[in-house]
Structures are given as structure tokens and as C-alpha cells.
Amino acid sequence: MEEEEIMWKLDSNSVESATIGRVMSTLLSSRPRKLQEAIFRFGSNPHQTSVSSSDESLWFLNKYVTDAVEKKDSLDQILVPMIESSLKYRGRKHSNQPMIILNWLFQEKLLCKALVTSLATMISRKEDRYIALGWCTLVRELLEVEITMTQPTKNGVSENYYALLEILCACIPRLTVIMCDGSGLQDGSELPTRLSVAAADCFLALTEALTRKTLLSKVPSRNNASNSVVALSRIAENKVEPVTTSSEASNNVELDWLLWDHLDELIVLVQKLVAWNRKSRPLYAKGLEQVLKWLEEIKSHYGNFPDEADKKILKTGVLLLSSCWKHYSRLLHLEDHKISQHYKDLLEQYLSGIQFYTENCTEKRTENGDTTGIETRKFFLNCLSLLLGRFDQQQFDRIMLEYGIEISNALLSQFHSADEDVIEGSFSIFKAAVFKANYSSSQSRSTGTSMMDSVVPSLLDLLNERNVTSKAVVMLVAEYCFINTDGHCLQEILKLLDSPNALQRTNAVDVVRELIRISSDSVHVLSNSMWQDVAKRLLERLADEEPEIRSNTSNLLPMIDPSLIFPSLVHLFYSSDERVCLSASDALIAVLKYHSEKHEVIFMLLDSLSNLTQSLDIPDSSRDKGQGGSMLDFDKVRMLIAEWSKSVKDWKLLIEPLIDKMLAEPSNANIVKFLSHISEHLADNADIVFSRVLLHMKGQELDKSFFARPDSRTCTSNDSDAFTRSLFDRLCPLLIIRLLPLRVFNHLQSRVLYGQCNEVLLHASKNGDIDMNRHDCVATLLMNRAFGKFEFEDVRKLAAELCGRFHPKVLFPIISSQLEHAAESQDILKIKACLFCICTSLVVRGWDPKFCNVLLKVRNSIEKVLLWRSLEGDEVSKAQHGCIDCLALMICAEVQTPESIRNSSTSENIVAGKMCSRSPTLNYVISQLMHGKHEFMSPPKLNSKTYISESSFPLPFRICMANTLISACQKISDIGREPFAQMTLPHLVHSIEVVRDQEIRAACIQVVFSVVYHVKSAVLPFAPDILEVALKSLREGSEKEKMAGAKLMASLMASEDPILECISEGLLEARSLLSVMSSTDPSPDLRQLCKKLLVCLTSP
């Protein structure tokens, strides 16, 4: 029996469910009018027995709902069909059957409460997104329902409205969650889903309903707009007066507090609306931001009064929120087609409010800190932003055609306000009114420009001050200048740059800055003529009297096409006006940094410098005197380059184009100087530099017609221009390499520089020439330029200098072989080139004992060249001079080694001269000078008069040795003076005593003179002996010896005080000797010199 009873109940439930389903389908598919008529008849005859008509369906539905309420059963079978119907027929006319049914059921309070409660819990119970979407739609319709009954009957929704709101308010947190979870990111912007939009609109409908008791029963027309203005103003100015009569007033207060309890959710709602509309509807989003700011201020100002004493203040905040939200909420709906039906009334109401409070209220602060009229104007501006911002382009154009001038006039009056929010809100609306939707509509653009043309004079008048208003006007005018194709507005701004009013000039610069920013962010561009005008006027402002304007201008110029400003900017950089020069310098640095990795900008700088130099046409002689020209000019540019180079992050992007420009313009000295200032950065990317240079050098061909004979090096071509071009073309790559610091030549593994070191050595053929076909690295090409038979002298010399920078492991084996073969074949050109390479290496790298054997081979080749016969001024004598300099530098390099300097302080070395053995080249030279042959020099005894034997080496060769020592004196560095004096003077003093040949003795005395003259205080230990040498040569020597001795005496007398004190006793003898010789010596020149020395000795 129990099983049969259960089965009967299940069957009964199934039948009942199927029946209620058919009932709901019948009712929801009925026409609204017939459904209302059936409801009217139901009241007169509620007892029907079948379900074949609307009347019977109503009877069954009423019974079903009544039983379910009594049994506390679920009402979902009633509510779900109505939710589905609302969603299915949303937005259609004559589709409010669910509202008619609910209105009828709500006539009984018990049923109403049960149905609303079940509806409120469903949004949390049901996870179905489709049900949630329909629920939001049904609830919004329920809250906004306006039912017109064809027959007189009670309005169930209206009678139970407050109870309905109280129950549904519990759904606000759930709606907030749905709204937040239902949005996602697309292209960086947050966009809502269909469900989140419905949830937001339902949220708004519910909170708007909480304020409905103060809603105006009818939207005001323009004729009674002043009354609306007064009502709205009391809201915005916190002067809301609660209604205290009737029970309805009590309900109103309760609803106000309900709204206040959900203030946090309101803030979240508006935050989401801002995010969803920021990209698609900027003006609307701006209005939302102001509403959000207002809500947060309400919470901050009124939300912290828990005490009973502060209840009145809190109540004011509650009423203020309710009163203002009733207007804001109706403008925030995402889907609301009704507002377009009465937008004119709202627009006129807001404009009237702005006008009224602008004309009748000042911005004077009251005693409690409020500003009369300000909050009201903010409220109206917010409403205006929300209203206008929600329209599409076509609707907006239509509104602007009708109300554009009126809107602009109302907003212009707000620009005089001192309140930032008022100005910001007015600016946003004004900007949208003129520049809506990026001018996608030609009609909108025409409307906006015509409107703007009418108000431009008024806006320009607002640029006379520096305040919040001027900042807003600056942005507005800049945007109009951007779209104004005829350039009239821009010309007006450029005129202000010349205004005598500094504030106008400052604002005009700000307009230009904003114009540049807008242009950089837009696909539209200003015409080139406009940019030229802007650039010209900005450059003039570099001479402005106001430092702020000069500084702002300098910061603006980098954002303008550099080609429009560089020539004039560089010219101003060299202005005689220090103020202009400094501003131009700042601007140039800013431009270079802004375009730090664009080689085109550097090219513009270099070209401008070259053009400026040519235009000035200053001769070279005046450039060195500081009268202008490239030499002095580029010293000023050095500072710019230093600042610019700090901002470069990737030098690889710049170096190759810069090298190519140098190679393309080989005679441009400015490029060379520029590259010299970034040489360290070139060195860091040396392989790039070498690769470009190598590629260029491989493609060069020398026109041999420039040379009359293979050995003449004399240009016979009449085409001097072609000669000059060819010369610079071959010099240019070498100049680039010369700019690189020495460290780049230390990379022995660099294939582009050295290839394989062993290969470089192997390809030196028997006659000493480098294989002409081995142009696989820079080193072989440089040696080919240095040693080739046909080459310009300047190119050959520079190539030899660069070869001297090679690593000694590469250089010395090759150069010694080249020099040896050149000496055998008497190839003067190659000899000079080899010597220059060696000299350069000794100067830049110093002495390395590891290469002593190689340098011995070099010295032997030099000896051969010095033994050749020569005439003064011929090519052989020039080569011999090179040999002398090379030997002198070898001596200097040996003497300046750390070991020689350390040992120069010992007393043993000072006395005995043992240090000479540590400089093999110096030992060799002194030996050849004294003996005419090379033998190891033992320490001499200074007082010994044993004469030495002399070989048959010719006298000119030995004189070359003396000249080598003189040259070494001239080249020795400060740190090498002392060891050099200690190594040479003992032997020279001794040689003068024992050498028999008068010419050699005179040469030795001349060397001692050079040592005293150049080495200075380092000769102090040997000063008495040197004085004795001078006196003996004057007494006993030949005419040459006497003249050399007199010069040596003069050099000693001109020495420092310690030396004079050391020889003071001997000077008495010198005075008597000079007195005799000044009157008796047969040589007039010597007598004259002695007289001068005597005067020096006898004068006080």
C-alpha cells in the first residue's frame, strides 16, 4: 500500500507539473489585452473546472500558487517560464505578460512576499547563466513596470513596491559578483559580457527604485526648467530636506538607508562602468569618473560618524546620496532606449542649471568651507557629460546642429571658474562637442570647426593668465589647431609667441607642445608648411627673455623633424649672444639624445656644421686665432657629443653608417673630428670599423697616371681636382683607423685586422714585398700602402705610421725583413717607410727586451744606410736623417725602461757609468762615435789621458752617431733624463780628453752641450767636469772646439741654481779666460760670444 501511495503521489506531481507548464505557456502566449480581460473576469467568477482557456489557466495558476505557498513548495515552475519569456521577448512591444501575471498575483500580500522571496533566492540558487540573464531582465522590468489596465483593478506591484525592494536589495551583492566576474580583457581594454551588462543594468534599476519617491512625476520642459533647476540645485548643494509626513515618508527613509548600506557596491559598479566605457565612449567615461569621485567623497565625508551625536550629519549624507543618485542612475544604464525619447528636456534642464548658477552664484566660500554654486555646477556638468557621452555619432551630430552654440557658450562661462573639477568637466564636454569620434563624420568635423571658429577669440583671451583655466584652454586650442586644415588657428598661436606678454608666450609654447603630442599619437599629420612655421617660431624663442620659455622651447625642439631645425639651430649654437648660445646648446643636446640611435640626425649635425663653415668662408689662418671656423667650432661641439654619447645604447646601429659617410665624404674634416670624439666606442666595435674599411680599400684603384715615373712620386696630371679626390679617397680609410686607440691593435686573434699572424709572415717574399693578392686583412693592405711603389707620399707616411701600431709580434719580423732588403736594393722609399714604422712603434709601445735580436737586425740595416755617401738635401741624406731619429728613439726607449730608472739612483752607477751596458743601442752609438767601431764600453776613468785607437770608419758616419745622441737629448722624456745623463756624460767627458780627431772632439762637446741644455738638473753630478771640458776647449781647442766650448759655457751659466753653486769656483777662472778671449781671439763670432758671456758673469 505504501508503494502504491508513493507511486500515486509521483504520478500526481508529474501530472501537476505538466499541467502548470501548459498553464504558464497558455498565459504567457496570450495577448496582453486578453490576459488583462481574463484577470478582470477572474474576480467575478474564480471557480472554473477546466484548463482550456485563459480564465481557466488563471484559476489553476492561482490555486497552484496558493497551495505552494501554504505547503512552502518551490515556485520555480512559475518563475522560470516567466524568466524565459522575459528574455525571449525582451525589448518587444506587447510582451509584458509576465508583468501582468505578477501584478495580478502580487494583489495578495502573502503570495507577493512568497513569489518575490523565491525570485530573490533564485539568482543565488541557480548557476545557469541563461537563467541569470533572464532573471536580471525580469527583475529590471518588474522594477520599471508601468502597467495600464484596460479594466479597473488593483495594482499589486505598486501596492507592494517597498516590500518588493526590501527583499530584492538582498540580491545586490550577488549582482556585483556577476558583474565583476563577467568582464574580460580584449586588446588591453576591459569589456563586459552580455550577462554582466544585464547585471549592471539590473543593479542600477534596483538602486534607482530606492530613490523613486523623490523622482519628478514628469520630466520638465524648457518652460518650467527653472523649477527643475531649483529642485536639482538643492540636491547638489546638500540642502535636501526630508519629507516627514505620512507613512510613505517613513518607507522613503528606510529605502534611503538601504541605498546607503550598499554604497560600497555602488562604487564598484561605477568603477566597472568606467573601465567598460573608457575606450569606446571617452566623454561618458569622464562623466563616470566624476561620479565615482563624488561617491568616494560622500563615503569619506559622511561615512565615519558612528556616534549618535553625529547621526544628523550622517542622515544628511544618506539623503544627499539618495537625491543625487536618482538622477545619475537613470543616465548610467548601458541598455536604455527610452532616454533618447526625452533627451531634449534633460539637455535643456542641465544647460539651464549651468546658466542659472553661473549667473546667480559666486564662488565665494561660506563659513563652513563650502563654495556656493560650485557643487551644483559640478552636478549639472556631470549629468551633461553622461547624457551627451552615451549618444552615437549620428545622434551626437544631430544634437550639436541644434544645441552646439548654446552648449559651447554655457561651457565657455565655466572656464572662468577657479575650481579644477568644473574646468575639467567643461573641457571634456567642450572637447567632445568639437572633436567627437576623431572627425570620422565630415558633418561632425564641419560642425565642430564652425563652432570652434566662433569661440576661438574667446579662448585666446583666456591665455593671458597662467592658471587652471589656461591649462584646459591650451589643450583645447592645440587639438583644434591639429584639425584646422587652413592653419588659421595655428597662426594665431604663433603670433602669441611674439607677444610682449610673457604669460601669453608661455601659454603659446604649451599649445605647441600639446599640438606636437597630439600629432605624434595620430595617423593624421600637419602639413610641412605648418611644421616649418612652428619650427621657425620656436627657434626664435631660444632668445626669449624668460628662462622658462627658453627651457621649454629647448625641450620641445627634439619632437620636431630635425631636418627643419638643424641648420638654424647650429647657427644659433655659434651665436655671439651667450644666452642664445646656451639655449641652442641645450636644444641640440636634447635633439641628439631624443634621436640617440638615428644616424640620419648625426648626419644632419655634421652637414650643418660643414655648411656653416663654408658659408662663413673663414680662412684657415683665422680659425686658429679663435675667429671661427671648423677648428674652434668643433671644440664647442665636443660637449654635445659627450652628452649625446651617454644616451646611445646600441652603437652597432650607428658605427657602420658613420664609417660609410666618412668614406663617402673623405675631405670632410668635421666627420673626422666627430669620430675622434667617439673613438673609444669605435674601439669597442673595432671589427665593424675594420670590416667597412677593408671592404672600401679592396675596391680602391690608384691611377698611376698621376706619377711621371715609377720612382718620382711627382704628380704630372693637369686634373688637380681628380688628384685631390684620389688623394683624399686613399687617405680616408687610413684616417679612420688612425682614430682608433692602440688597444685595438693588440687583438692578435682578429681575423679582419691580422688574418692569421703566421700567414702574414709567410707571405713576405724574398725581396721583402707583401703579396699584392693577399688583401684578406687590414694589416696586409696597410703594408701594401706603406711599401708600394706607386703611392701618394701622405698616404704612404700615414700607412707606415699605422703599421707602427701593430703588435710587435706582427710588426718587427716583417719590418726588419723589409728594411734589410730595402737597404740591399737601396730602395729609399721603403727604407723611410720602414723607419717610420719602427719609430712609431717605439713611441707608442716603448721597449720590449723580447725583440732585442730583431732590433739588432734593424740596427745593422741602419748602419748600412748611414755608410752611404750623400749630399745635403738629397734623398739619401733624408733617409739617413730617418736612421738617426730611429736610433735616437731606440736609445730613449731603452733608457726609459723601469729597470733603468730604478738603477739610476745608485751611487755606483753615477760614478762609474755602468748603466751604459743596459742600453745596447746607446753603447753602440757611443762606441761608434769614440772608436769608429762597435766594442763594449768599459767604465771610463774620467782623469785618464790614454788615447784610444780609431778605426777607418768614415768621419760622416761618426758625426751621424753624435747627431743621434743630440736627437736623443731632444726626444728623451722627463723620467728618462737622469738615467740618460748617467749613461752618456761619463763617456763623453772621457772621450773629449782622449780622442785625437778635432772634428770628433768638437762633435762630442756639442753633444755635451745638448745634454746640459735638454737634460737640465740631471747633469748636476757631472757639472764640474763639464765646466772643465768647456774651459779646456776654450784654451786649447780648435776653432770649432772653442765655439762649442763657449756654447757649453753659456748652457752651464743658464742652468739652475744648484748647478751654478756647484761650479761657482770654476766661474772665476772662466771670467778671466773669457776676458782674454773676448779681445784676443781671431774669430769675430767667438769674440762676440765671449763678450756676452763676460757681461753675464760681471753683471750684479
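Heads up: the structure comes first, above all this text.
Predicted, not measured: the structure shown is a model, and the values here were computed from it.

Draft legend 1. Structural detail: the overall build of the chain. What the chain contains, in helices and strands, is 55 helices and two strands. Of all 1100 residues assigned to the chain, the portion counted as buried reaches 53%. Long-range contacts, defined here as pairs at least 24 residues apart, represent 73% of the contacts in the chain between residues at least 6 apart. Accessible area of the chain: about 50700 Å², with a carbon and sulfur share of 50%.

Draft legend 2. Fine view of the pairing of strand S1 (residues 183-186). Where S1 meets strand S2 (residues 189-192), four bridges bridge the pair, whose relative direction is antiparallel. Paired with Leu185 across the two strands is Glu190, which belongs to S2. The loop that links S1 with its antiparallel partner S2 comprises two residues; one of these, Asp187, has a positive phi angle of about 55°.

Draft legend 3. Fine view of unusual backbone geometry. Positive phi values are uncommon outside glycine, yet Lys72 reaches one of about 60°. Positionally, Lys72 belongs in the loop between helix H3 (54-71) and helix H4 (76-88). Residue Lys72 is classed as exposed on the basis of its relative accessible area of 75%. The phi dihedral of Gln826 falls on the positive side, at around 55°, and the residue is not glycine. Locating Gln826 in the fold gives a position in the loop between helix H41 (808-825) and helix H42 (828-845).

Draft legend 4. Inspection of the packing of helix H48 (residues 955-971) against helix H50 (residues 998-1015) at higher detail. Direction vectors running N to C along H48 and H50 enclose 5°, while the axes themselves pass 8 Å from each other. Accordingly, the angle class assigned to the pair H48 and H50 is roughly parallel. Contact residues: H48 offers Leu955, Arg958, Ile959, Ala962, Leu965, Ile966, Cys969 and Gln970, while H50 offers Glu999, Ile1000, Ala1003, Gln1006, Val1007, Ser1010, Val1011 and His1014. Broken down by class, the residue content of the contact of H48 with H50 amounts to ten nonpolar, four polar and two charged.

Draft legend 5. Fine view of helix H52 (residues 1039-1053). The end-to-end C-alpha distance of H52, which contains 15 residues, comes to 21 Å, matching closely the 21 Å that a straight helix rising 1.5 Å per residue would cover. Inspection of H52 places Glu1041, Lys1042, Ala1044, Gly1045, Ala1046, Leu1048, Met1049, Ser1051, Leu1052 and Met1053 among the buried residues, and these make up the whole buried set. Summarising the contacts, the buried residues of H52 are in contact with H50, helix H51 (1023-1036), helix H53 (1057-1062), helix H54 (1064-1080) and helix H55 (1084-1098).

Draft legend 6. Up close: the pattern of salt bridges. Scanning all chains against the criterion turns up 51 salt bridges. With a shortest N-O distance of 3.1 Å, Arg125 and Asp76 are connected by a salt bridge. Taken together, the positions of Arg125 in helix H6 (residues 109-125) and Asp76 in helix H4 put the pair 49 residues apart, joining distant regions of the chain. Salt-bridge contacts for Glu1041 lead to Arg1001; the nearest nitrogen and oxygen are separated by 2.8 Å. Taken as a pair, Glu1041 in helix H52 and Arg1001 in helix H50 lie far apart in primary sequence, 40 residues in all. You'll find Glu1041 and Arg1001 in the same group, each marked buried. Salt bridges sharing common partners tie together Lys293, Glu375, Lys378, Asp419 and Asp421.

Draft legend 7. View of the packing of helix H14 (residues 263-277) against helix H16 (residues 311-332). Viewed as axis vectors pointing N to C, H14 and H16 meet at an angle of 30°, and their least axial separation amounts to 13 Å. Accordingly, the angle class assigned to the pair H14 and H16 is roughly parallel. Handedness of the H14/H16 crossing: left-handed. Residues Leu263, Leu266, Leu269, Val270 and Leu273 of H14 form the contact with H16, whose own contacting residues are Leu321, Trp325 and Leu332. For the contact of H14 with H16, a count of residues per class yields eight nonpolar, no polar and no charged.

Conventions and cut-offs
- Residues numbered from 1 in each chain as written.
- Predicted model: local features only at pLDDT ≥ 70, side-chain atom pairs only at ≥ 80, totals over all residues.
- Heavy atoms only, no water.
- Helix = DSSP H or I, 4+ residues; strand = E, 2+ residues; numbered from the N terminus.
- Buried < 20%, exposed > 50% of the residue type's maximum accessible area, 1.4 Å probe, protein only.
- Contact = heavy atoms within 4.5 Å.
- Areas by Shrake-Rupley, 256 points an atom, 1.4 Å probe, with all protein chains shown as cover.
- Pairing = 2+ DSSP bridges.
- Axes fitted to C-alpha atoms, helices over the stretch in contact; angles between N-to-C directions.
- Parallel < 35°, antiparallel > 145°, perpendicular 65-115°, else oblique.
- Nonpolar A, V, L, I, M, F, W, Y, C, P; charged D, E, K, R; others polar.
- Expected span 1.5 Å × (residues − 1).
- Salt bridge = Lys/Arg side-chain N within 4 Å of Asp/Glu carboxyl O.
- Left-handed = near helix turned anticlockwise from the far one by under 90°.

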